[in-house]
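Secondary and tertiary structure notes
Each chain, written out:
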Amino acid sequence: MNLIPEIEKYIREVHEFKAKNPEDLEQFRIRFLGKKGIVPEFFKQFKEVPPEQKKEFGQHINQLKQLVQERVNTLRHSLKKHQTKHHYTDLTLPGDPFVPGSRHPLSIVRNEIISIFSRIGFTVSEGPEIEDDTHVFSKLNFPPDHPARDMQDTFFIEKDPDGESRHDVLLRTHTSSVQVRVMENQKPPIRTISPGRVFRNEAISPRAHCIFHQIEGLYIDTDVSFAQLKQTLYYFSRAFFGPETNVRFRPSYFPFTEPSAEMDITCMLCGGKGCNVCKYTGWLEILGCGMVDPNVLEFNGIDSEKYTGFAFGMGIERIAMLKYQINDLRLYFENDLRFLEQFSADF
Ligand code: PHE
C-alpha cells in the first residue's frame, strides 16, 4: 500500500484552499489537524508502512502538517486584515476610560515653591549638573582644603586618559553653582531661584540619598538686609505650610554667607506642642540661609561696597516629606505606582 499519492493530493488541496470566513478556516484546520484529523490519522498508519517507504512517508506527512499550519496562519492573518478594513466603529459607544497620569510629588512641590517665589518677583534660572570646581566651590568662597570638597561628598568625574581622577570636573553638590553663573552673567538687581538635581556621595538610607533636589534663592541689590531675608522666608513658609506657621532662625555656618542661619518652622504635625516627628522640640529645620559673603560678590565681579544680598537653599525631598508625611526618601526614586498614584497635581 503506497499512501504517498494520497498525501500529495492533500498537499495540492491545501495549496488551493481559500477561506471565506474564520469558521470556514477553523473547519479546515480541524479537518486536517484535529484529534481525528487527516494528519494524525496518517501518523497512526506510520507503523504499517513498509520499512523502505518509512523515510519518504515521514517526509511527506511532515510536509503536509507544516503546510496546513502555515496555510492556517496566513489565511487567519489575511482574514483579520480584511475584517478591519471593512469594520466600522460604532461611534455611539461610550469611549474607553482615559486615566490621566499625575505629577511626581517632587515636581508638585517644586512647582509650588516656584510659584510662591515668582509672586514676589523671583525668576527661575537653571544650570548644568556636570560642573567644575570654580562654580561649585571656589567662587563660593570654599577654602581649598574645605571638607566639602572631600571625596566623601563630591562625585568627581574621571576624565584623564591615564585614568587619573580630575578634580575640576564634578557633579554639583548644590545648586548654588547656578547662582554663580547668574552673577557672572547678570548685573544686580538679581532676584532668582534655581531648582535642580544635586549629587552627593552618601550611603542610601531612608533619610539620605546620593541624588536629591534643591531650590536655592539669591537676591542682590543695594541695601538688601537680613530683615528682608527673614520676611521673605516667613512669607514663603506661611504660603507653603499654612498661615499658622511660625519661623525661627538659628546661627549657622556656610562658606558663602555671613552671617549664616538655619531656619526652622513650627512643626505642622503637632502645631508646635512637640511630637516624635519634631523630636519633641515643636520645630522642624527646613533650610539654610544668610547674607551673601562680600568675598563671593567680589569673586563674581559685583562691587561689595555698593551691593549686598541674601541667599537661601532648601531640599525639595525634605519639604515634600514634611508636606505629605513621607517617611522614606527612597520612595521618591522607586517609581512604585502605588506610591505615585496618591498624588494628584494642581501644578
Ligand atoms: N548651598 C547650601 C547647601 O547645599 C544651602 C544654602 C544656600 C545655605 C544658600 C545658605 C545659603 O546646603
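In what follows, the accompanying structure is described. Please read all numbers here as calculations on a predicted model, not as lab measurements.

To continue, consider the layout of surface pockets. If a probe the size of a water molecule is rolled over the atoms, the empty space left behind becomes visible. Its boundaries defined by the atoms lining it, the second largest pocket holds a volume of some 190 Å³. At the level of elements, α5 (105–118) and β5 (190–199) are the ones that each hand at least two residues to the lining of the second largest pocket. Looking at the lining of the second largest pocket, its residues break down into 3 nonpolar, 4 polar and 5 charged.

By nearness alone, 13 residues border the ligand, and His-174, Ser-176, Arg-200, Gln-214 and Glu-216 come closest of all. Contacts to the ligand include His-174, whose side-chain N or O atom sits 3.1 Å from a nitrogen atom. Within the complex, 89% of the 330 Å² of free accessible area of the ligand lies under protein. Put simply, the parts of the chain that give the shell around the ligand at least two residues each are β6 (211–221), β9 (283–292) and β10 (308–315). It is β10 that provides the largest number of residues to the shell around the ligand, a total of 3 residues. Considering only residue class, the shell around the ligand consists of 5 nonpolar, 6 polar and 2 charged.

Another point: the sheet that holds β5. Read across the open sheet, the 7 strands follow the order β1-β5-β6-β10-β9-β8-β7; overall the sheet is mixed. Only two strands of the sheet have a single partner each, and these edge strands are β1 (123–124) and β7 (247–254). The pairing of β1 with β5 spans 2 bridges and is parallel. In the strand pairing of β5, Val-124 is matched with Ile-193. Most of the contacts of helix α8 (residues 226–241) go to β9, to which it runs at about 145°, and overall it touches β6, β7, β8 (257–266), β9 and β10.

Conventions and cut-offs
Residues numbered from 1 in each chain as written. Predicted model: local features only at pLDDT ≥ 70, side-chain atom pairs only at ≥ 80, totals over all residues. Heavy atoms only, no water. 1 Å grid on protein atoms, 1.4 Å probe; cavity = no way out; pocket = protein on both sides within 12 Å on 5 of 7 lines; lining within 4 Å. Points joined across faces, edges and corners; volume = space filled by probe spheres on them. Helix = DSSP H or I, 4+ residues; strand = E, 2+ residues; numbered from the N terminus. Nonpolar A, V, L, I, M, F, W, Y, C, P; charged D, E, K, R; others polar. Near = heavy atom within 4 Å. Polar contact = N/O pair within 3.5 Å; in protein donor to acceptor, adjacent residues only side chain to side chain. Areas by Shrake-Rupley, 256 points an atom, 1.4 Å probe, with all protein chains shown as cover. Pairing = 2+ DSSP bridges. Contact = heavy atoms within 4.5 Å. Axes fitted to C-alpha atoms, helices over the stretch in contact; angles between N-to-C directions.

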